[in-house]
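Fold and geometry: a report
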Amino acid sequence: MTAELIKGAEVARQIREELKQEIADLKEKHNIVPGLVTVLVGADPASQVYVGAKEKTSKELGIYSERHDLPGDVTQEELMKLVDRLNKDPRINGILVQLPLPRHLKESEVLYAINPKKDVDGFHPVNLGKLMIGEPDYLPCTPAGIQQLLIRSGTRIDGAEVVVVGRSNIVGKPIANILLQKAPGANATVTICHTGTRDLAFHTRRADILIVAAGKAKAITADMVKEGVVVIDVGVNQIGTTADGKRILAGDVDFDTVKEKAKAITPVPGGVGPMTITMLMMNTVKAAKLAAGLA
Ligand code: GUN
């Protein structure tokens, strides 16, 4: 079997078209324009690219977008003041503080200060707690994108054996919680594996759906999966550079061999990655609807 490709870039484009329509309707029927602010501290090149892409996508969809670039030596107090001001700004429905923050800043203090109603990253403990009890407002963006890829690729999640490799707060733990809920697009039996797991392959071989966010290039090989598995590869690892200086990327799954056994698999790049920003836009639209009492 050679796997079907789950093309995140195409699914993301389709969801963005749906959102564009929804945003136009909100403006026409309710005179509401969702607003998203991004906050970037310092000049990390990768973070600049991410924030730029978030701004660009917002504008394309008709979301009001604001960007605050703060110097790398900004104080905790100044950053907290900005968050407080944005919390109170009625034009702003979503606040995104790009991570990682410079080392002298207390990341959790900043994230906890964001009004949970404006926490479109879904990182605030209130939103993670609501997810856990099955009453989510905002799902963290990468896990939300993974669930959409599974649903829209026609993968049966209800009753499936899902194995998640990785227990990070932004991918592993939330995706496990999303898929175990008694809800449409979920209701799976979920196992979380991590660096303390004694026999990783024992678990991964049982998976109907295998979600890998381990942060280790090609950690999952063909002998570790069963025929017909659906594989979601969250990893983005640079494994080299081409002669003309471009980065060579690999996922956490050994794509070339695993694709011969899988029913469907996400490529890297072009799989999970393009979904993340799109889900941020979806959360921002939801925030605007919640603020207006429309959701
Ligand atoms: N840095 C890398 N990914 C993310 C993300 O999803 N949200 C934020 N705020 N920072 C990030």
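Before reading on, note that the structure itself is shown above.
Residues numbered from 1 in each chain as written. Predicted model: local features only at pLDDT ≥ 70, side-chain atom pairs only at ≥ 80, totals over all residues. Heavy atoms only, no water.

So, about the pairing of strand β9 (residues 237-241). Sheet topology note: the β9/strand β10 (residues 247-250) ladder contains 4 bridges and is antiparallel. Paired with threonine 241 across the strands is arginine 247, a residue of β10. A loop of 5 residues connects β9 with β10, the two strands running antiparallel in sequence, and glycine 245 in this loop sits at a positive phi of about 85°. (Pairing = 2+ DSSP bridges. Helix = DSSP H or I, 4+ residues; strand = E, 2+ residues; numbered from the N terminus.)

With that settled, consider the environment of arginine 205. Position of arginine 205 among the secondary structure elements: in the loop between α8 (200-204) and β7 (209-212). The sequence separation of arginine 205 and valine 225 amounts to 20 residues, and the corresponding C-alpha distance is 4.4 Å. When residues no more than four places from it in sequence are discounted, the contact partners of arginine 205 are Asp223, Met224, Val225 and Lys226. Within polar-contact distance, the side chain of arginine 205 engages the backbone oxygen of aspartate 223 at 2.9 Å. (Contact = heavy atoms within 4.5 Å. Polar contact = N/O pair within 3.5 Å; in protein donor to acceptor, adjacent residues only side chain to side chain.)

Here we take up the site of the ligand. Around the ligand sit Leu96, Val97, Gln98, Leu99, Asp121 and Phe123, and that is every residue in its neighbourhood. Leucine 99 places a polar main-chain atom, nitrogen or oxygen, 2.9 Å from a nitrogen atom of the ligand. One nitrogen or oxygen atom from the side chain of aspartate 121 is found 2.6 Å from a nitrogen atom belonging to the ligand. For the ligand, the protein covers 78% of the area, taking 280 Å² as the surface of the free molecule. Classifying every residue of the shell around the ligand by side-chain character gives 4 nonpolar, 1 polar and 1 charged. (Near = heavy atom within 4 Å. Areas by Shrake-Rupley, 256 points an atom, 1.4 Å probe, with all protein chains shown as cover. Nonpolar A, V, L, I, M, F, W, Y, C, P; charged D, E, K, R; others polar.)

The next subject is unusual backbone geometry. In this structure, the amide linkage connecting leucine 99 to the following residue, proline 100, adopts the cis form with an omega of 0°. Relative to the elements of secondary structure, proline 100 occurs in the loop between β4 (94-97) and α4 (107-113). Omega for the bond connecting valine 268 with proline 269 falls within 30 degrees of zero, at -5°, which places this linkage in the cis form. For proline 269, the position within the fold is in the loop between β11 (264-265) and α10 (273-291). With phi around 55°, asparagine 31 is a residue other than glycine that occupies positive phi space.

Taking burial as the measure, the 9 residues of helix α7 (residues 172-180) include 7 buried ones, the bulk of the element. Residues of α7 that are buried include every one of Gly172, Pro174, Ile175, Ala176, Asn177, Ile178 and Leu179, and no others. Taken together, the buried residues of α7 touch α5 (125-132), α6 (141-152), β5 (161-165), β6 (189-193) and β7. (Buried < 20%, exposed > 50% of the residue type's maximum accessible area, 1.4 Å probe, protein only.)

A few words on the packing of α6 against α7. Following both chains from N to C, one finds α6 and α7 inclined at 45°, their axes separated by 9 Å at the closest point. One way to sum up the angle between α6 and α7 is to call them oblique. For the element pair α6 and α7, the recorded crossing hand is right-handed. Contacts between α6 and α7 pair Pro143, Ala144, Ile146, Gln147 and Leu150 from the former with Pro174, Ile175, Ile178 and Leu179 from the latter. Residues belonging to the contact of α6 with α7 are distributed by class as follows: 8 nonpolar, 1 polar and no charged. (Axes fitted to C-alpha atoms, helices over the stretch in contact; angles between N-to-C directions. Parallel < 35°, antiparallel > 145°, perpendicular 65-115°, else oblique. Left-handed = near helix turned anticlockwise from the far one by under 90°.)

Further remarks concern the side chain of asparagine 177. Relative to the helices and strands, asparagine 177 resides in helix α7. Exposure remark for asparagine 177: the relative accessible area of 17% places this residue in the buried category. In this structure asparagine 177 touches Leu131 and Met132, once residues within four positions along its chain are discounted.

Relative to the elements of secondary structure, threonine 189 occurs in strand β6. Given the relative accessible area of 41%, threonine 189 is considered partly exposed. It is 42 Å that separates the C-alpha atoms of threonine 189 and glutamine 76, two residues lying 113 residues apart in sequence. If we ignore the near neighbours within four places in the chain, the residues touching threonine 189 are Ala160, Glu161 and Val162.

Right, let's get into the sheet that holds strand β2 (residues 35-41). Taken in spatial order, the 3 strands of this open sheet run β3-β2-β4, and their pairing is parallel. Each edge of the sheet is formed by a strand with only one pairing partner; in this case those strands are β3 (64-70) and β4. Taken pair by pair, the neighbouring strands of this sheet meet at an average axis angle of 15°, ignoring direction. Relative to β3, β2 runs parallel, the two being bridged by 7 bridges. Bridge pairing in β3 links threonine 38 to arginine 67.

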